[in-house]
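# Commentary on secondary and tertiary structure
These are the residues of each chain, in order.
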Amino acid sequence: MQKTEVLAGEPGATPADPAHSAAARAGEAPAHGWPRFWPALLLGAAVLPGAVVFVVGRWSDGQAFQAWRTVCLAVTVQALPFLLLGTALSGAINAFVPAHVFSRLLPSRAALAVPVAGVAGVVLPGCECASVPVANSLISRGVTPAAAFAFLLSAPAVNPVVLTATAIAFPGNPAMVWARLLASLVTAAAMGWLWLLFGREKWLRPTVRHTGHRPGHSRWTEFRQGFQHDFLHAGGFLVLGAMAAATFNVTVPRTVLDAFSGSPWLSVLFLAALAVLLAVCSEADAFVAASLTGFSPLARLTFMVVGPMVDLKLIALQAGTFGRAFAARFSAATAVVAILCSTIVGGILL
Amino acid sequence: MRRPLQVTLLVLSGLGLLHASLFTDLFLRYVKEGMRPLLIASGVLLLLLGVAEAWATPAKTHGADHPERGHGHEGDVRELGRGGDAQDPGDEGGAHDHGGHGHDHSTVPRVAWLLFLPALSLLFYAPPALGAYTASREAPKAVASGQRHFDPLPATSPLPMTLTDFTRRVQQDPSGAVRGRSVLLTGFVTPDKGGRDTWYLTRIILSCCAADAQSVKVRIHGTPALPANTWVSVTGAWHPGGTLGTASAPADLDARAVRRIERPINGYTDDLPLVPSR
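Residues numbered from 1 in each chain as written. Chains lettered and ligands numbered in written order. Predicted model: local features only at pLDDT ≥ 70, side-chain atom pairs only at ≥ 80, totals over all residues.

## Quick notes on the overall build of chain B
Looking only at helices and strands, chain B features seven helices and six strands. Ordered by position from the N terminus, the helices and strands of chain B form the series α-α-α-α-α-α-β-α-β-β-β-β-β. The burial tally for chain B puts 40% of its 278 residues in the buried class. (Helix = DSSP H or I, 4+ residues; strand = E, 2+ residues; numbered from the N terminus. Buried ≥ 20, exposed ≤ 12 C-beta atoms within 10 Å, placed from the backbone.)

## What to know about the overall build of chain A
In terms of regular secondary structure, chain A is built from 15 helices and zero strands. Counting over 350 residues, chain A shows a buried share of 54%. Taking the intrachain contacts of chain A between residues at least 6 apart in sequence as the baseline, contacts between residues at least 24 apart amount to 83%. (Contact = placed C-beta atoms within 7 Å.)

## Section: the confidence of the model for chain B
Residues with a pLDDT of 70 or more make up 76% of chain B, whose mean pLDDT is 77. Contacts for the low-pLDDT stretch residues 59-105 of chain B, under 50 throughout, to residues beyond four places or in other chains number 67 contacts. (pLDDT = per-residue confidence, 0-100.)

## Here's the deal with unusual backbone geometry
All names here are of chain B. For the bond from serine 157 to proline 158, the omega torsion is -5°, close enough to zero to count as cis. Assignment of secondary structure puts proline 158 in the loop between helix 6 (132-137) and strand 1 (159-160). The phi dihedral of asparagine 229 falls on the positive side, at around 75°, and the residue is not glycine. Within the secondary structure, asparagine 229 sits in the loop between strand 4 (214-221) and strand 5 (231-238).

## A closer look at the pairing of strand 2 (residues 183-191) of chain B
Residues and elements named next belong to chain B. In terms of residue burial, strand 2 counts as a mostly covered element, since eight of its nine residues are buried. With two bridges joining them, strand 1 and strand 2 adopt parallel strand pairing. Looking at strand 2, one finds that leucine 159 is bridged to valine 183. As a crossover connection, the stretch from strand 1 through helix 7 (residues 163-172) into strand 2 is right-handed. In terms of strand pairing, strand 2 meets strand 5 through six bridges, oriented antiparallel. (Pairing = 2+ DSSP bridges. Right-handed = clockwise from strand over helix to strand, strands pointing away.)

## Considering the nonpolar core
Counting 170 residues, the largest nonpolar core has Val75 and Ala150 of chain A as the members making the most contacts within it. The element best represented in this core is helix 3 (residues 63-96) of chain A, accounting for 18 residues. For this core, the domains that each give at least three residues are domain 1 (3-124) and domain 2 (132-260) of chain B. Sequence-distant contacts of alanine 150 of chain A, defined by excluding residues within four places in its chain, comprise Val114, Ala117, Gly118, Ala188, Ala189, Met191 and Gly192 of chain A. (Core = buried A, V, L, I, M, F, W, Y, C linked by C-beta atoms within 7 Å. Domains from an automatic or database assignment.)

## A closer look at helix 8 (residues 160-169) of chain A
An α-helical turn contains 3.6 residues, so a residue and the one three or four places further along point in the same direction. Residues and elements named next belong to chain A. Every buried residue of helix 8 is accounted for by Val162, Ala165, Thr166 and Ala169. Buried residues of helix 8, seen end-on, are gathered within an arc of 100° and therefore sit on one face of the element. Exposed side chains of helix 8 directed beyond 90 degrees from the buried face belong to Pro160 and Ile168. (Arc of directions from axis to C-beta.)

## Some words on the pairing of strand 6 (residues 252-260) of chain B
Two elements, strand 4 of chain B and strand 6 of chain B, share three bridges in a ladder whose sense is parallel. When the sheet's bridge partners are listed, arginine 219 of chain B is paired in strand 6 of chain B with aspartate 252 of chain B.

## Quick word on the confidence of the model for chain A
Residues and elements named next belong to chain A. Residues with a pLDDT of 70 or more make up 80% of chain A, whose mean pLDDT is 78. The spread of mean pLDDT over the elements of chain A runs between helix 1 (residues 2-28), the lowest at 40, and helix 9 (residues 174-198), the highest at 94. The low-confidence segment residues 1-33 (pLDDT under 50) makes 13 contacts with residues lying over four places distant or belonging to another chain.

## Side note on helix 10 (residues 219-251) of chain A
For helix 10 of chain A, which comprises 33 residues, the first-to-last C-alpha distance of 47 Å matches the rise-based estimate of 48 Å (1.5 Å per residue) to within 8%. Burial analysis of helix 10 of chain A places 27 of its 33 residues in the buried class, which makes it a mostly covered element. (Expected span 1.5 Å × (residues − 1).)

## Some words on the packing of helix 3 of chain A against helix 10 of chain A
Residue and element names in this part refer to chain A. One way to put it is that helix 3 packs onto helix 10 with a least axis distance of 7 Å and a crossing angle of 155°. The angle between helix 3 and helix 10 places the two elements in the roughly antiparallel class. Note that helix 3 runs across helix 10; the crossing there is right-handed. Partitioned by chemical class, the residues of the contact of helix 3 with helix 10 number 24 nonpolar, nine polar and three charged. (Axes fitted to C-alpha atoms, helices over the stretch in contact; angles between N-to-C directions. Parallel < 35°, antiparallel > 145°, perpendicular 65-115°, else oblique. Left-handed = near helix turned anticlockwise from the far one by under 90°. Nonpolar A, V, L, I, M, F, W, Y, C, P; charged D, E, K, R; others polar.)

## Comments concerning the packing of helix 10 of chain A against helix 14 (residues 312-322) of chain A
Residue and element names in this part refer to chain A. Where helix 10 meets helix 14, the axes come as close as 8 Å, and the angle between the chain directions of the two elements is 150°. Taken together, the axes of helix 10 and helix 14 are roughly antiparallel relative to one another. As for the relative orientation of helix 10 and helix 14, their crossing is right-handed in sense. Contacts from His233, Ala234, Phe237, Leu238, Leu240, Gly241, Ala242, Ala244 and Ala245 of helix 10 reach helix 14 at Leu312, Lys313, Ala316, Leu317, Ala319, Gly320 and Thr321. Split into classes, the residues belonging to the contact of helix 10 with helix 14 amount to 11 nonpolar, four polar and one charged.

## Focus: the environment of valine 183 of chain B
Residues and elements named next belong to chain B. Residue position: valine 183 is located in strand 2. Using a count of 23 C-beta atoms within 10 Å as the deciding quantity, one classes valine 183 as buried. With 49 residues separating them in the primary sequence, valine 183 and threonine 134 have C-alpha atoms 26 Å apart. Excluding its chain neighbours within four sequence positions, the residues that come into contact with valine 183 are Pro158, Leu159, Met161, Phe166, Gly236 and Ala237.

Now the structure itself:
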């Protein structure tokens with residue numbers, strides 16, 4: 001019985017094969033840049049989760065779909081003001097700040113510039129959506145990528161707004177605030193140095209778009225155009241990330257958490273994964289971490305260190321800004337480094 | 001994406017945000033009240049960007065050799081100058097071949113189309129606030145422990161309380177002051193899948209946006225459940241069980257009266273019931 005099924009299945013599969021490889025060839029045809037069908041893939045990735053939830057939703061009276069839409073819109077609405085702040089800042093850096101300002105502010109040795117840039121993240125009061133466009137414009141203004149990435153990683157986690165929120169969420173537990181600050185800074189610096197050692201320029205999409213101020217052009221027009229372009233671009237990826245986060249939010253019930261809270265090592269890894277999937281804004285993740293009462297302080301610290309550095313909407317934003325080759329490698333490495341750093345720092349401080 | 005479309009997208013996004021935050025209270029379904037000024041500012045900014053882009057368009061059509069765009073290559077600008085004015089069925093497809101590096105910098109990538117979804121959703125088809133569906137799937141929010149001192153309860157009867165406060169009194173107050181007291185709680189109905197003749201009085205609480213929603217639940221005994229998501233006020237007394245003042249005591253209520261109420265404007269808080277005494 002089984003044999004006949006296999007035999008019957010095989011001829012059916014063969015005619016599909018050439019078509020498949022042809023599609024693959026067509027996709028790879030433009031050797032440089034992204035494949036031509038990339039927008040279609042993107043759309044598929046965006047629509048598929050929604051479609052799945054929709055089908056499941058029909059099955060349970062449409063409530064799941066409505067909840068999915070609500071969560072998706074909530075993530076977008078929450079992040080939009082901060083994304084606007086970030087893209088406005090990035091446009092302003094591009095149009096108004098001369099490149100030599102940064103070379104004067106940062107130490108000329110890249111290895112020293114990395115921790116300085118990490119600490120400089122304190123000045124950007126926002127969540128992680130703001131830091132991606134800013135880091136991009138820093139790179140195009142001559143800042144070494146390693147330093148810009150240290151800034152990208154530390155800014156959403158160490159600014160005063162986020163640290164205050166952490167202190168409020170963990171009352172009477174200042175060690176948690178210090179541990180978060182320290183672990184985030186160490187992770188950011190470590191990732192900057194790792195990029196210096198192993199990073200390849202070719203993983204980064206060429207950032208020709210930011211040319212800086214060019215003589216003969218109105219700075220205001222340059223600012224407006226750069227702002228608008230960056231916002232529309234990053235905004236699209238934000239919606240994509242919000243859809244992915246909403247899918248996980250709605251399909252995976254929070255009660256699954258309890259199964260993992262028992263084992264100390266599993267719980268650290270599990271909360272790190274949860275931080276990636278939930279994509280909670282860095283200004284709020286302390287409250288979420290505080291509510292995960294079944295978990296050890298170490299696991300909750302990991303949640304707060306990984307969350308602002310790697311999550312679904314951030315990966316989408318990075319892929320859009322720096323390219324997919326970069327986003328995949330950088331996010332994976334950052335997740336590993338962040339888990340290690342928070343385990344070590346948390347082990348000492350908590 | 002062609003420039004008129006970019007203008008449309010910016011203006012629609014701006015209008016959507018303003019519609020949700022300035023003209024209506026829609027935004028309270030998704031984020032906290034404190035976001036309002038930021039959302040209004042963002043809406044105004046997006047509108048201004050859209051208007052500026054629309055206003056800059058005529059200047060560009062006068063001559064492609066005098067590019068308005070501060071960035072981008074000469075070739076791309078001319079390409080866009082032609083494509084933007086004449087019919088451009090391929091959108092940025094032509095620019096892709098032309099640019100040679102597969103990423104055109106003077107037009108906006110297609111992913112920006114996705115921004116139409118939240119803009120149009122906010123304007124025309126705003127999804128409802130989270131309710132019983134989400135609450136029934138979430139584990140109840142753990143009420144913060146560590147409160148050592150409890151003030152004596154006010155003498156008012158029935159005593160209005162928040163769901164969080166009721167749970168804390170039942171599970172943490174060693175004096176057991178809530179025993180025998182008649183209390184008044186409000187929230188919405190979440191059906192209890194496991195229990196017969198019981199249901200949950202629920203509130204959903206946000207810490208930032210609806211993605212991190214957590215629920216507080218009090219199980220109600222003694223009255224049949226109303227349809228899910230109905231907002232009600234419940235008067236009743238603690239349903240005895242376990243040892244009052246410890247975690248073994250269930251946050252349950254024997255209901256004496258259940259009354260339908262209007263949904264509060266800001267549903268994502270655990271406020272004291274504002275029910276006029278009659």
